[in-house]
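# Geometric and topological summary
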Amino acid sequence: MIYAHHHISRPRIYNPFPRNGAGYQGNIVDGNLDGNFRPWRRNLFGGGWNRQGSDRSGYVLDTNRNGRYDRGRDGVLAFDMNRDGRIDRNDINNTNNMMKAATGNYDLNGDGRTTWIERIQGNALRGQYSQLDRNRDGRLDTHEIARGGGQVWIDHSRGGGVSRNELYSPYGLPNSRGYGPSQRLDYVDPFSRHSHTSNNFWGGGWGGSHGGHGGYIPGRMYAGFGY
Ligand SMILES: [Ca+2]
Ligand SMILES: [Ca+2]
Ligand SMILES: [Ca+2]
Ligand SMILES: [Ca+2]
């Protein structure tokens, strides 16, 4: 996947017609969940304006496939990391940290060095990830996410707060135009930084298959629609 292997140059694309249907999408690490109005620094890999390691960050599923986080459109992966029965922004930030740590990146605050405290935290987070990844294939699939209590947060109100009615099971997400629950989150792969969604009701139709309308070729991005 282009998100992991840099020998394939990843184009910087502004796609005026983002594809909203099923298929592959990139994951944005350290996504700036409060929008693009702050002077974050540019993400090295074109993932938008981020401040790495901010406690306001999240692990974004770029479901409208434009390379940046869009509040109310894109999903944010959310586990109840402190197990207090509710999901808040700390959980969401720690989910982002866990997804980084899963790949061996323990520089949680993104300042370019890994302290011994980050190493301890990162080790623990990596352990949490490997418990979620029950079949040890490196990815979290729908069942693994659900069994771990994971949800997808879509900030419909665009205010940055997490409401209960903004949290979705990985089995039933609205798509990035707000239709739903029409999609299933098939898996999230932190190593190659992509995820995949399928249509629940039109599976195999437009955008639902690998080689069809929703097909995906590394290095290219298509304007198309899932419906
Ligand atoms: Ca987006
Ligand atoms: Ca919590
Ligand atoms: Ca650090
Ligand atoms: Ca797995």
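Please read these numbers as outputs of a predicted model, since none were measured by experiment.

Parameters at a glance
- Residues numbered from 1 in each chain as written.
- Chains lettered and ligands numbered in written order.
- Predicted model: local features only at pLDDT ≥ 70, side-chain atom pairs only at ≥ 80, totals over all residues.
- Helix = DSSP H or I, 4+ residues; strand = E, 2+ residues; numbered from the N terminus.
- Buried ≥ 20, exposed ≤ 12 C-beta atoms within 10 Å, placed from the backbone.
- Pairing = 2+ DSSP bridges.

### Examining the overall build of the chain
- Helix and strand counts for the chain come out as 3 helices and 10 strands.
- Along the chain, helices (α) and strands (β) appear in the sequence β-β-β-β-β-α-α-β-α-β-β-β-β when read from the amino end.

### Brief notes about the pairing of strand β4 (residues 57-61)
- The buried fraction of β4 amounts to 5 of the 5 residues, a majority that puts the element mostly inside the structure.
- The two faces of β4 match: S57, Y59 and L61 on one face and G58 and V60 on the other face are all buried.
- Direction of pairing for strand β1 (residues 23-32) relative to β4: antiparallel, over a ladder of 4 bridges. Looking across to β4, one finds that N32 is bridged to S57.
- Note that β4 and strand β5 (residues 75-78) share 2 bridges and pair antiparallel. Directly across from L61, in β5, lies its bridge partner G75.

### Points about the pairing of strand β9 (residues 183-189)
- Pairing geometry for strand β6 (residues 140-141) and β9, over 2 bridges, is antiparallel. Paired with L140 across the two strands is V188, which belongs to β9.
- Here β9 pairs with strand β10 (residues 194-199) via 6 bridges, running antiparallel. Bridge assignment links L185 to a residue of β10, and that residue is T197.
- The hairpin formed by β9 and β10 contains 4 residues between the paired strands, and R193 there has a positive phi angle of roughly 50 degrees.

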